[in-house]
Amino acid sequence: MLRRDLLATMAGLGAASVLGAVPAQLSAEEVKIPSIAGPDPATKTPSFRPPLGSVDTHTHIFGPASTYPFSPTRPYTPPDASLEMFRALHAKIGVERAVIVNATVHGTDNRVVTDAIAQSNGNYKGVANINAAMSDADLTALGKAGICACRFAFLRRLGGVGDMNVFRTLVDRVAAIGWHVDIYLEAGTIQEFVPILKALPVTYVIDHMGTISAAKGIDDAEFKVLLDLQASDGKCWIKITGPERASASGPPFHDAVPYARKLIENAPDRVIWGTDWPHPNVKIMPNDGDLVDLIPLYAPDPAMQRKLLVSNPERLFKFEPKS
């Protein structure tokens with residue numbers, strides 16, 4: 001492997017770190033960590049009003065780095081996106097509850113998530129980053145702090161695939177304490193992951209609509225594989241997130257709508273919605289008010305909107321019902 005490829009692989013804390021790759025302690029001289037843009041600060045007030053109890057099921061909090069330091073082996077450096085900014089975002093778009101997914105920039109230090117949950121009066125849940133070095137007591141403590149799941153990011157830019165034996169062991173461990181697993185796949189890899197996912201002993205949630213590409217068209221073979229997996233495996237849930245990642249036409253990302261609608265119609269009891277705020281590593285930064293206004297295009301029926309935004313996430317993340 002070329003040195004530049006080795007450094008790129010070792011810089012990621014995604015699946016490679018979680019699944020047993022040797023951690024890299026690289027100096028700034030050895031590898032330059034790229035910086036990324038922050039979210040659009042001028043959030044629009046959406047025309048669509050989410051129902052009471054709606055949950056944004058895919059969000060991140062970054063820092064402040066002075067309190068929650070970033071990992072030295074992170075794949076990118078974001079600007080701070082603090083709890084205060086997080087709260088302001090949700091107040092603006094009319095969403096009361098949220099699920100905070102710990103991002104790779106914080107490694108396996110999950111305090112940025114659990115501290116926010118502790119201040120939320122039951123309105124936040126979390127998805128953690130874990131690794132094989134964590135004890136059962138560590139995982140139990142995270143569960144008591146409001147963590148419901150752990151995430152595996154099978155992306156080259158976040159570290160690659162890593163040791164699948166470690167992955168299976170970790171999945172068995174979290175299944176034993178009632179968690180589900182969150183799966184972030186590289187575009188174009190769904191086919192090879194189908195047998196792996198179907199064999200899991202636990203519910204799994206596929207991020208960002210399976211990283212589909214709207215440029216390929218609704219009849220794309222990879223999207224059909226995703227639809228078949230969703231329909232045939234009752235353990236499979238899909239996050240209706242990331243239209244800005246899927247879109248080929250750009251804002252307001254309407255070319256991603258048919259994919260979201262198809263996924264919702266395909267398994268209406270196993271879909272959830274989220275903003276992905278503050279949108280790390282996107283080519284085009286969306287406005288979160290615009291993303292909320294896509295919801296009635298995804299799900300025109302108010303009863304389905306309620307499933308997508310309220311009752312489905314309540315069931316999956318074990319929120320106290322507000323419906």
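To keep things clear, this report deals only with the structure shown in the data block. Nothing here was measured: the structure is a model prediction, and the numbers come from that model.

This part covers the overall build of the protein. Looking only at helices and strands, one finds 13 helices and eight strands in the protein. Burial statistics for the protein: of 323 residues in total, 56% are counted as buried. Residue pairs at least 24 apart in sequence account for 78% of intrachain contacts in the protein once pairs closer than 6 positions are excluded.

Right, let's talk about the packing of aromatic side chains for a bit. Inspection of the entire model under this criterion finds eight aromatic pairs. Ring plane angle 70 degrees and centroid distance 5.0 Å describe the contact between F223 and Y259, whose orientation is recorded as edge-to-face. Here the residue F223 occupies a position in helix α8 (residues 221-232), and Y259 occupies one in helix α10 (residues 257-266), the gap between them amounting to 36 residues. Both residues of the pair, F223 and Y259, belong to the buried class. An aromatic cluster of three or more residues is present, and its members are F152, F154, F167 and F193. The ring of F319 is capped by R97, whose NZ or CZ atom sits 5.0 Å from the centre of that ring. Between K125 and the ring centre of F319, over which it is positioned, the NZ or CZ distance is 5.8 Å.

Side-chain pairs of opposite charge can arise where the charged atoms are in close proximity. Inspection of the entire model under this criterion finds 13 salt bridges. For R151, the salt bridge goes to D182, with nearest N and O atoms at 3.4 Å. Here R151, found in strand β4 (residues 147-154), pairs with D182, found in strand β5 (residues 180-185); they are 31 residues apart in sequence, far enough to count as distant. Under the relative-accessibility criterion, R151 is labelled buried at 8%. Under the relative-accessibility criterion, D182 is labelled buried at 1%. For K216, the salt bridge identified is with E222, shortest N-O distance 3.4 Å. Because the salt bridges share partners, they merge into one network encompassing R151, D182, D207 and K239.

Calculation rules
Residues numbered from 1 in each chain as written. Predicted model: local features only at pLDDT ≥ 70, side-chain atom pairs only at ≥ 80, totals over all residues. Heavy atoms only, no water. Helix = DSSP H or I, 4+ residues; strand = E, 2+ residues; numbered from the N terminus. Buried < 20%, exposed > 50% of the residue type's maximum accessible area, 1.4 Å probe, protein only. Contact = heavy atoms within 4.5 Å. Phe/Tyr/Trp six-rings, centres within 6.5 Å; stacked < 30°, edge-to-face > 60°. Lys NZ or Arg CZ within 6 Å of the ring centre and 35° of its normal. Salt bridge = Lys/Arg side-chain N within 4 Å of Asp/Glu carboxyl O.

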